Amino acid sequence: MSAATSVLVSVRGATVRYGRREVFRDLTFDLRTGQSLGVLGPNGAGKTTLLRMLIGCLSPVAGDVRIGGFRPRDAVVRTAVAYFAGAATLPPSVKASSWGTLGNGEAVLPDPRRIRALSQGNKQLLGLRTVLSRHPLQLIVLDEPWEGLDSESSRWLNATLELKRDRGAAVVVSSHRLHDLAGLCDEYLFLMPHEACLMKSYEIARVGPVTAALLADTFDRLRDRTKSADEPTF
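Residues numbered from 1 in each chain as written. Predicted model: local features only at pLDDT ≥ 70, side-chain atom pairs only at ≥ 80, totals over all residues. Heavy atoms only, no water.

J.: Hey, could you go over the pattern of salt bridges for me, with residue numbers and the actual values?
T.: Any two side chains of opposite charge can pair if their charged atoms end up close together. For the structure on display, the rule yields eleven salt bridges. The partner of R12 in a salt bridge is D30, and the shortest N-O contact between them spans 2.8 Å. Remark: D30 occurs in strand β2 (residues 21–32) and R12 occurs in strand β1 (residues 7–18); sequence separation between them is 18 residues. Judged by relative accessible area, which is 38%, R12 ranks as partly exposed. (Salt bridge = Lys/Arg side-chain N within 4 Å of Asp/Glu carboxyl O. Helix = DSSP H or I, 4+ residues; strand = E, 2+ residues; numbered from the N terminus. Buried < 20%, exposed > 50% of the residue type's maximum accessible area, 1.4 Å probe, protein only.)

J.: Got a sec to walk through the pairing of strand β8 (residues 187–192)? Specific residues and values, please.
T.: By the criterion of burial, β8 is predominantly enclosed, with six of the six residues buried. The alternating pattern of β8 places E187, L189 and L191 on one face and Y188, F190 and M192 on the opposite face, and all of these are buried. Here strand β3 (residues 36–40) runs beside β8; their pairing, made up of four bridges, is parallel. Looking at the pairing, L37 lines up with E187 of β8. Both β8 and strand β9 (residues 195–200) contribute to a ladder of six bridges, which runs antiparallel. Paired with Y188 across the strands is M199, a residue of β9. (Pairing = 2+ DSSP bridges.)

J.: Go over the environment of L126, please, and point to the residues and values.
T.: By secondary structure assignment, the location of L126 is in helix α3 (residues 120–132). Since its relative accessible area comes to 1%, L126 is described here as buried. Along the sequence, L126 and A107 sit 19 residues apart, while their C-alpha atoms lie 9.6 Å from each other. Setting aside residues up to four positions removed in sequence, L126 forms contacts with A96, W99, V108, L109, I115 and L118. (Contact = heavy atoms within 4.5 Å.)

On their own, these measurements won't tell you what the molecule is for.
Below, the structure is given as structure tokens:
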């Protein structure tokens, strides 16, 4: 990592609740420019909540979140941020050909149908190509971006995320499927019930790339440790 990299995302002691249900508590981590963070966990673990917190859609009940020194809602205006969380973040009644353009001005998807009529894979590609076509980008936040993509589109997404990271963007990406994130990220954040564990890639794979099997083993160990900590002692 270059000495010139700086902290872009700073989360300190963040706790988020929905009503009385605590999603996660006392979450702390930093993400530097030119780094990628993979967020893992089962459905309901808080992946989407964490990403929404990073872009300012919700605020923690405790703790502090900063993007480039700004609060998330201010950072979205002041910082080049790309966010996509699936079809729910697309306007269903707009024609696909009218939504999003590439750097050369051409439509991302020259399809005259309205977005709601597209397949899940095409909706996903339309949203991803639209937000990732911007340059430069400082922060990329993607929630389950591989959902609905075929193998060719998945390879395009991985290559694009690596390119953006190498050009200095900080990348935060989530998935409940371990193979999506295997080997892609510099750090991995494992979300457990009420607890999170941040690990660097070299802590998971001492030699070679991080594989899905290594992520699964790490996740199982952390989950077992969490269960043991929750068990009463006599």
